[in-house]
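Residues per chain, in single letters:
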Amino acid sequence: MFFCGIQRSSIMALSTAQPMKLLSLCVGFHGYSVKDSTDSQLSFVLVTGLSGLHSHSDFFSPLRPQWSSHIFSSSGCFSLSQMEMSTAGPGMLSHQQRSMKRRRWGGLRQQWKLLGLFEIDQQHEFYSLTCMMKEGLAAAIQNTIDDPPANELTDEDFRLEVTQIHKDFTMKTFAGPVFATLRGSLGMTEQEYQQYLCSENCYLQFISNSKSKADFFLTNDKRFFLKTQNKREIKFLLGNLKIYMEHLRKYPHSLLVKFLGVHRIQIPQRRKKFFIVMQSVFYPDDRINARYDIKGCEVSRWTEPAPEGSHIIVVLKDLNFEGQFITLGQQRSWLLRQVEIDTHFLRQLNVLDYSLLLAHQPLHHDERHQGLSFATLIVRAKKSVNPGSSPIHMNAATVPGAVVDEDPALSLSETDSGLKTPHSQAASRSSSPRTCAKDAGPASTKAELQDFQAQNRRLLPNLKNPLHIIDGPEQRYFVGIIDIFTVYSFKKRLEHLWKRLRHPGRSFSTVSPQTYCLRLCQWVQDHTK
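Since this is a predicted model, take the numbers as computed values, not measurements. (Residues numbered from 1 in each chain as written. Predicted model: local features only at pLDDT ≥ 70, side-chain atom pairs only at ≥ 80, totals over all residues. Heavy atoms only, no water.)

1. Side note on the packing of aromatic side chains
Reasoning step 1: Counted under the stated rule, the structure contains 13 aromatic pairs.
Reasoning step 2: Relative to Phe 225, the ring of Phe 206 lies with its centre 6.2 Å away and its plane at 80°, an arrangement referred to as edge-to-face. With Phe 206 in strand S13 (residues 204–207) and Phe 225 in strand S15 (residues 224–229), this residue pair connects regions lying 19 residues apart in the sequence. Of the two residues, Phe 206 and Phe 225, neither departs from the other in class, the shared state being buried.
Reasoning step 3: One aromatic cluster is present, formed by Phe 236, Tyr 244, Phe 259 and Phe 485 through successive ring pairs. (Phe/Tyr/Trp six-rings, centres within 6.5 Å; stacked < 30°, edge-to-face > 60°. Helix = DSSP H or I, 4+ residues; strand = E, 2+ residues; numbered from the N terminus. Buried < 20%, exposed > 50% of the residue type's maximum accessible area, 1.4 Å probe, protein only.)

Written as structure tokens, this is what we have:
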């Protein structure tokens, strides 16, 4: 075997004992372009920002054909065209070849722990699966287009399961009218949702440094996330769907991830796959320069950053953020209060180990001052308090459950509801956070109602993802709470005891829901200004 490499570069060359044909290798963001002009038996492999690569031979073993993919980053992509065996003829791969391909892909995932996004083209392992998902989703959404949900949801709507039979698979949709109602309240028409989710463009696969065994897919524009879930997680979500919807109705500017659909696909002779559709917190991500997954603890909360100058997408963690601040100015009090409200809701569900997703990008000069114009204030106020405004005309989503007031343009900075420290509130608050006027009991005070109104009257930015975007003086922040399915079960209690012995005096993620809630609130308070 022949091997040559250039130190600290991204290209390695390898010849194999079997005859192969290199079609092409194009690297957009490095400027390399290699073509097979000599018909030699050489294969070129691009390796960028590898994590945990200890042996070249270990790395190349899973990369022998058949393998092909397109890898995307925030500022470029490269395409590794398929290297074909000269002995392989056209047609469908045999079952054995598909199994070998899955093993090689699994080996690649093991080596490339945080490489970002892969385009799911025809050579990709998940190409046929994602095509079926698109077909099934298009039919499921067409159902709600043809038969829109009623204005008032019933218990039957929350329990509804609709199975549609397709040529090669069946698709089951859970609580379709409920999620259609939620999508509509976000200013999204069913036709738009169908168009974005089921376009002809390939899905992207996201491979992260997460410990989750789930598969992550994104639509080509990165607006929607599709994530596989196990049956227990789906059962938990559907069992709590009614109070989740009620929470979003009471607090329309909630930072909780917005679930847009729950489905199950079944392919003959294969396992059933449950998956959910969510809005991406990091959309649009064209200029995002750092992403973080925050849990408010320290054990296993450091990720090796991508090499300087690399375009690989790496989601960093708590310890990577130390020494930095979320600088919001007058909107800080709104964020603190909303995090408190949302984490208290999750505490009531007895869940832990959820994450505060955070990203930031610098504001352009015109963006820093556009919110001060009268015309922009009118648009932002309308978006914030007038549900049902058409996103077609506004080029951005609206929000549900708004609170109309005599002065709808009033921002939280003018009311400044403030927030007590989580520790001081723990003893005094045993019931749920303050709610809307019609849900408040007779003991509710005028101050509590004013606080609620202020919380739901944040001036939203005039952008496509306004619920998860907050502009500070210099930076634009993307903020959302995800992964809300981990229940504090007996198994988690045992894990907590074990970690206390293993990590004495250190903070870790497996703690009681109350401790987790208060600790995350404290982290946000300590890292904002």
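2. Topic: the pattern of salt bridges
Reasoning step 1: Using the criterion set out here, one finds 16 salt bridges in the structure.
Reasoning step 2: For the salt bridge of Arg 232 with Glu 233, the shortest nitrogen-to-oxygen distance reads 3.9 Å.
Reasoning step 3: Note on Glu 233: relative accessible area 17%, which makes it buried.
Reasoning step 4: A salt bridge links Lys 295 to Asp 353; the nearest nitrogen and oxygen atoms lie 3.4 Å apart. You can see Lys 295 sitting in the loop between strand S18 (290–294) and strand S19 (315–317) and its partner Asp 353 sitting in the loop between strand S20 (351–352) and strand S21 (355–362), a full 58 residues away along the chain.
Reasoning step 5: Residue classification places Lys 295 among the buried residues on the basis of a relative accessible area of 10%.
Reasoning step 6: Residues joined in a network through salt bridges with shared partners are Lys 222, Asp 285 and Arg 291. (Salt bridge = Lys/Arg side-chain N within 4 Å of Asp/Glu carboxyl O.)

3. Brief notes about the sheet that holds strand S22 (residues 469–471)
Reasoning step 1: Pairing is mixed across the open sheet formed by five strands, whose spatial order is S19-S18-S21-S23-S22. The strands lining the two open edges of the sheet, one partner per strand, are S19 and S22. The average undirected angle you get between the axes of adjacent strands in this sheet is 30°.
Reasoning step 2: Judged from the eight bridges that link them, S21 and strand S23 (residues 475–482) form a sheet pairing that is antiparallel. Following the sheet pairing, Ser 355 is matched in S23 by Ile 482.
Reasoning step 3: Across the sheet, helix H10 (residues 332–348) lies against S22 and S23, angled at about 10° from S23, the strand it touches most. (Pairing = 2+ DSSP bridges. Axes fitted to C-alpha atoms, helices over the stretch in contact; angles between N-to-C directions. Contact = heavy atoms within 4.5 Å.)

4. Notes on the side chain of Ser 280
Reasoning step 1: Structurally, the position occupied by Ser 280 is in the loop between strand S17 (273–279) and S18.
Reasoning step 2: Look at Ser 280 and you get buried, because its relative accessible area is 6%.
Reasoning step 3: Among all residues touching Ser 280, those that are not within four sequence positions of it are Lys 222, Arg 223, Phe 224, Phe 225 and Asn 465.

5. Section: a nonpolar patch on the surface
Reasoning step 1: Side chains of Phe 490, Leu 494 and Leu 497 sit close together on the surface and give an oily, nonpolar patch of about 330 Å² of accessible area.
Reasoning step 2: Mapped onto the elements, Leu 497 comes out in helix H17 (residues 490–502). (Patch = residues over 30% accessible without salt bridge, like charges linked within 9 Å, V, L, I, M, F, W, Y side chains within 5 Å. Areas by Shrake-Rupley, 256 points an atom, 1.4 Å probe, with all protein chains shown as cover.)

6. As for the confidence of the model for the protein chain
Reasoning step 1: Residues at a pLDDT of 70 or more form 61% of the protein chain, whose mean pLDDT is 74.
Reasoning step 2: The secondary structure element of the protein chain with the lowest average pLDDT is strand S6 (residues 43–46), at 33, and the one with the highest is strand S12 (residues 170–174), at 98.
Reasoning step 3: Scored below 50 in pLDDT, residues 1–93 shows 169 contacts in the model against residues more than four places distant or in partner chains. (pLDDT = per-residue confidence, 0-100.)

7. Considerations on the environment of Ile 481
Reasoning step 1: Mapped onto the elements of the fold, Ile 481 is located in strand S23.
Reasoning step 2: Residue Ile 481 is classed as buried on the basis of its relative accessible area of 0%.
Reasoning step 3: Considering only alpha carbons, one finds Ile 481 and Val 281, 200 residues apart in sequence, at a separation of 8.6 Å.
Reasoning step 4: Sequence-distant contacts of Ile 481, defined by excluding residues within four places in its chain, comprise Leu 255, Leu 256, Val 257, Asp 342, Thr 343, Leu 346, Tyr 354, Ser 355 and Leu 356.

8. With respect to the packing of helix H8 (residues 241–250) against H10
The relative placement of two packed helices comes down to the angle between their axes together with the axis-to-axis distance.
Reasoning step 1: Where H8 contacts H10, the axes come no closer than 12 Å and their chain directions differ by 165°. Judged by the angle between their axes, H8 and H10 are roughly antiparallel. Judged by the twist between their axes, the crossing of H8 over H10 is right-handed. Across the interface between the two elements, Ile 243, Tyr 244 and His 247 from H8 touch Ile 341, Asp 342 and Phe 345 from H10.
Reasoning step 2: For the contact of H8 with H10, the per-class residue count stands at four nonpolar, one polar and one charged. (Parallel < 35°, antiparallel > 145°, perpendicular 65-115°, else oblique. Left-handed = near helix turned anticlockwise from the far one by under 90°. Nonpolar A, V, L, I, M, F, W, Y, C, P; charged D, E, K, R; others polar.)

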